[in-house]
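# Examination of the molecular architecture
Each chain, written out:
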Amino acid sequence: MSGPIVSVRDLRKSYGAIEALAGVSFDVARGEIFALLGPNGAGKTTTVEILEGLRTADAGSAVVAGIDVRRDPSGVKERIGVQLQSSAFPENFLAREIVQLFGVFYGRRVDAMELLRSVGLEEKAGQRSEKLSGGQRQRLSIAVAMVNEPQVLFLDEPTTGLDPQARRNLWDLVRGIRARGTTVLLTTHYMDEAEALCDRVAIVDRGRVVALDAPRALVDGLLARGFTKTVVQQQADLEDVFLDLTGHALRDD
Amino acid sequence: MGRVLRYTLFLSRAYLRDRTALFFGFFFPLLFMGLFGVLDLGAFGTVSLGIVDEAGNADSAAFRAALGRIETLRLTEGSRTDELTSLGKGERDLVVVIPGDFRIAPAAAGSSVPVLTLYESEARPEQANVGSAIITQAVDQMSFAVSRTQPIVALRREAVQGRRLSYVDFLTPGIVGMTIMQLGVSSVMFGFVVDRQRGVIRRIMATPIPRRSYMAAHVLHRLVVAILQVLILIGVAVLAFDVRIVGSMAAVLLLALLGSVLFLCVGFAVTAFVATENAAPAVMQLVTLPQLFLSGVFFSRDVVPAFLRPISDYLPLTFLNDALRQVAIAGASLGDVRGDLVGIVVWTAITFAIAVRFFRLE
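Everything numeric here is computed off the predicted structure, so don't read it as measured data.

## Considering the sheet that holds strand E2 (residues 73-77) of chain B
Residue and element names in this part refer to chain B. As summarised here, the arrangement of the 4 strands in space is E2-E1-E3-E4, forming an open sheet in which the pairing is mixed. In this open sheet, the two edge strands, each paired with only one partner strand, are E2 and strand E4 (117-120). Each strand axis lies, on average, 25° off the axis of its neighbour in the sheet, ignoring direction. Here strand E1 (residues 47-53) runs beside strand E3 (residues 94-98); their pairing, made up of 5 bridges, is parallel. In the sheet register, aspartate 53 faces E3, and the bridge partner there is isoleucine 98. Sheet strands touched by helix H4 (residues 80-89): E1, E3 and E4. Its angle to E1, the strand with the most contacts, is close to 160°.

## Concerning unusual backbone geometry
Residues and elements named next belong to chain A. The phi angle at asparagine 92 is positive, at roughly 70°, despite the residue not being glycine. Although it is not a glycine, arginine 206 sits at a positive phi angle of roughly 50°. One can find arginine 206 in the loop between strand E9 (200-205) and strand E10 (208-213). On the neighbour-count criterion, arginine 206 (14 C-beta atoms within 10 Å) is partly exposed.

## Observations concerning the environment of Gly199(B)
Topologically, Gly199(B) is positioned in the loop between helix H6 (167-198) and helix H7 (200-205). Judged by local crowding, Gly199(B) falls into the partly exposed class, with 16 C-beta atoms found within 10 Å. Along the chain, Gly199(B) and Glu362(B) lie 163 residues apart, while their C-alpha atoms are 8.4 Å from each other. Sequence-distant contacts of Gly199(B), defined by excluding residues within four places in its chain, comprise Leu84(A), Ser86(A), Ser87(A) and Ala88(A).

## Some remarks on the interface of chain B and chain A
Residue-level contacts link 19 residues of chain B with 21 residues of chain A. Secondary-structure elements contributing two or more residues to the side of chain B that touches chain A are helix H1 (2-16), H6 and H7 of chain B. Among the residues forming the side of chain B that touches chain A, the class breakdown is 9 nonpolar, 2 polar and 8 charged.

## Points about the nonpolar core
One recurring pattern in soluble globular proteins: nonpolar side chains tend to sit buried together. Ala62(A), Val64(A), Ile98(A), Val99(A), Ala143(A), Phe154(A) and Val184(A) are the most contacted members of the largest nonpolar core, which has 79 residues in total. Ignoring any residue separated from it by four or fewer positions in sequence, one finds Ala62(A) in contact with Val8(A), Leu11(A), Ile50(A), Leu51(A), Ala57(A) and Val69(A). Of all hydrophobic cores here, the second largest spans 50 residues; its members include Met178(B), Leu255(B), Val270(B) and Val274(B).

## Comments concerning the pairing of strand E2 (residues 18-28) of chain A
Residues and elements named next belong to chain A. Bridging between strand E1 (residues 6-15) and E2 involves 8 bridges; their strand directions are antiparallel. Across the sheet, the residue bridging to valine 8 is phenylalanine 26, located in E2. Between E1 and the antiparallel strand that follows it, E2, lie 2 residues; glycine 16 among them carries a positive phi value of about 60°.

## Comments concerning the domain arrangement of chain B
Each assigned domain of chain B is listed with its residue range as follows: domain 1 (2-41 + 166-358) and domain 2 (47-147). Distance between the C-alpha centres of domain 1 of chain B and domain 2 of chain B: 50 Å.

## Quick look at the confidence of the model for chain B
Residues and elements named next belong to chain B. For chain B, per-residue confidence averages 86 on the pLDDT scale, and 94% of positions sit at 70 or higher. Counted against residues more than four places away or in other chains, residues 158-163, with its pLDDT under 50, gives 0 contacts. The ipTM value of the predicted complex is 0.90, and its pTM value is 0.77.

## Examining the sheet that holds strand E3 (residues 33-37) of chain A
Paired through backbone hydrogen bonds, the strands of a sheet run either parallel or antiparallel to each other. All names here are of chain A. In space, the 6 strands of this open sheet follow the order E6-E7-E8-E3-E9-E10, with mixed pairing throughout. Because the sheet does not close on itself, it has two edges, and the strands there are strand E6 (80-83) and E10. Neighbour-to-neighbour, the strand axes of this sheet turn through a mean angle of 15°, independent of strand direction. Two strands pair when backbone bridges link them, and E6 and strand E7 (residues 152-156) are joined in this way by 4 bridges, in the parallel orientation. For glutamine 83, the partnering residue across the bridge sits in E7 and is leucine 155. Along the sheet, helix H5 (residues 134-145) contacts E6 and E7; its crossing angle with E6, the most-contacted strand, is approximately 160°. Running at roughly 150° to strand E8 (residues 183-188), helix H6 (residues 164-179) makes contact with E3, E7 and E8 of the sheet.

## Some thoughts on H6(A)
In an α-helix, one turn spans 3.6 residues; hence positions three or four apart end up facing the same way. All names here are of chain A. Compared with an ideal rise of 1.5 Å per residue, which puts 16 residues at 22 Å, H6 spans 23 Å between its outermost C-alpha atoms and is within 8% of the ideal. Taken together, the buried positions of H6 are occupied by Ala166, Arg167, Asn169, Leu170, Val174 and Ile177. Taken down its axis, H6 places every buried residue within 165° of arc, on the same side. Facing away from the buried side of H6, by more than 90 degrees, are the exposed residues Gly176 and Ala179. At its buried positions, H6 is contacted by E3, H5, E7, E8 and helix H7 (191-197). Looking one or two places after H6, you find glycine 181, whose phi comes out positive at around 105°.

Scoring rules and cut-offs
- Residues numbered from 1 in each chain as written.
- Chains lettered and ligands numbered in written order.
- Predicted model: local features only at pLDDT ≥ 70, side-chain atom pairs only at ≥ 80, totals over all residues.
- Pairing = 2+ DSSP bridges.
- Helix = DSSP H or I, 4+ residues; strand = E, 2+ residues; numbered from the N terminus.
- Axes fitted to C-alpha atoms, helices over the stretch in contact; angles between N-to-C directions.
- Contact = placed C-beta atoms within 7 Å.
- Buried ≥ 20, exposed ≤ 12 C-beta atoms within 10 Å, placed from the backbone.
- Nonpolar A, V, L, I, M, F, W, Y, C, P; charged D, E, K, R; others polar.
- Core = buried A, V, L, I, M, F, W, Y, C linked by C-beta atoms within 7 Å.
- Domains from an automatic or database assignment.
- pLDDT = per-residue confidence, 0-100.
- Expected span 1.5 Å × (residues − 1).
- Arc of directions from axis to C-beta.

Listed below in structure tokens is the structure:
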């Protein structure tokens, strides 16, 4: 199996007079961790939701896991896992029931405990999902996104609002998922996240991809164009201090 | 189909954990029934009779004593002005005035007989009627005793109905109808508005489950809850309040099911126009409150003023309550209530069409 697993060509979408996407194109290779990077309102979420089959583009094409999203959105949904930016789970369900329930939506019987263990939530299996902390809820939603053993995992701003420990824990989780063969496409507006986690990033602004490469290559390119800034060689930064004092261990309960 | 049933099962299990929903769904209607059952608002009670004794002689005292022996009457005595004022205020059902020339003796031929004047309250006509019948009877007995004659015709009364129709008997079908309405409208409105606003539905729509399966599970779950609710309500009514369901229980349950479908449709039709959680309670009241009072839940629709009649006659809950009551307390068959069934079906069709046209999951 070769060729890109996600292929986006000249995607356009307008909401009334506002042009959210003005021709977005990119490819994601199998096994990559790929990020759409950009300020709020750049069109990241619109792009991702079109790929997930939740919105339809006005023009352009998108192929995910070999399937044309416009022609067979539910076929795409069968093959991908998603974590939406602002979504919630139904209330009064236990964490393990949420996982089982989403299994039902895919017509599968799933081992809920195994999935919860894979995100470090096995101890919370019997808790109501609305009682979980922010970081735990993000991990639960990743467990839920994995119930159908997806080929591509879409994460829309997965670490927004999390503390540094929870962010790092989530990065490890994403690396683990990629290591088991799942391609990951995420959006973020944190540069350090893109740099630490992603193989390649597409920088999106005003509905267009303005740059696309490996983070290191983008930086090198900028330097090659003669960019300089006053460099203060720091052996550590404030986040290092914070993590040194508070440790790397998760503590979201 | 398996997917729909399994989803329904999950929804029902989660529902059992929802204390608020359980309270309003199950406990609240029972509370209502208990409260109104204890108050027994529909009970006939006693007739309050005011006596104005303008004779003040031994004969008038004997007449008053005779009335005092009648259990149904609650007597008070006072001046004409006081008693008539009380009557005006609704504190008396009847006032009888014993004239100054009152005596218990055969009248001389050609001379006039003393005239008892009876003032009746229009506020409680039933009590006034019963009271005046009692007084008429007392006067007749007195007359026969004095004239030493036997009544020409004897009247023997026999109770036809084995037991008196109590207020709870009347109330139970009303509470069942009310509960079906409340649950149907509120479960759709609060459930879907909240899930829509919080992005729950959007997340589920990112899985391959078809919209119709999603909807089917939610409707099925709510129908199951509604039927359970009706069974519990009727169970408590029968066991705790000695209510008797005269008609067929199967007919009652079928009506409950049709009513639930109707009010789920009403719920979806209305929810189509509710965008936020904040607007939901107001719209909920707007839809259910008029029906609570105009559709004969707690009281007979006879008390609905004439100008509201045209509305009251065609409210969805009116059809459901009327059919439930006819079957439950008058033993009517489904054929007897076909007019109500038509009303239910027409309302279901109208609200279903609105829901299909305007209701959106996202």
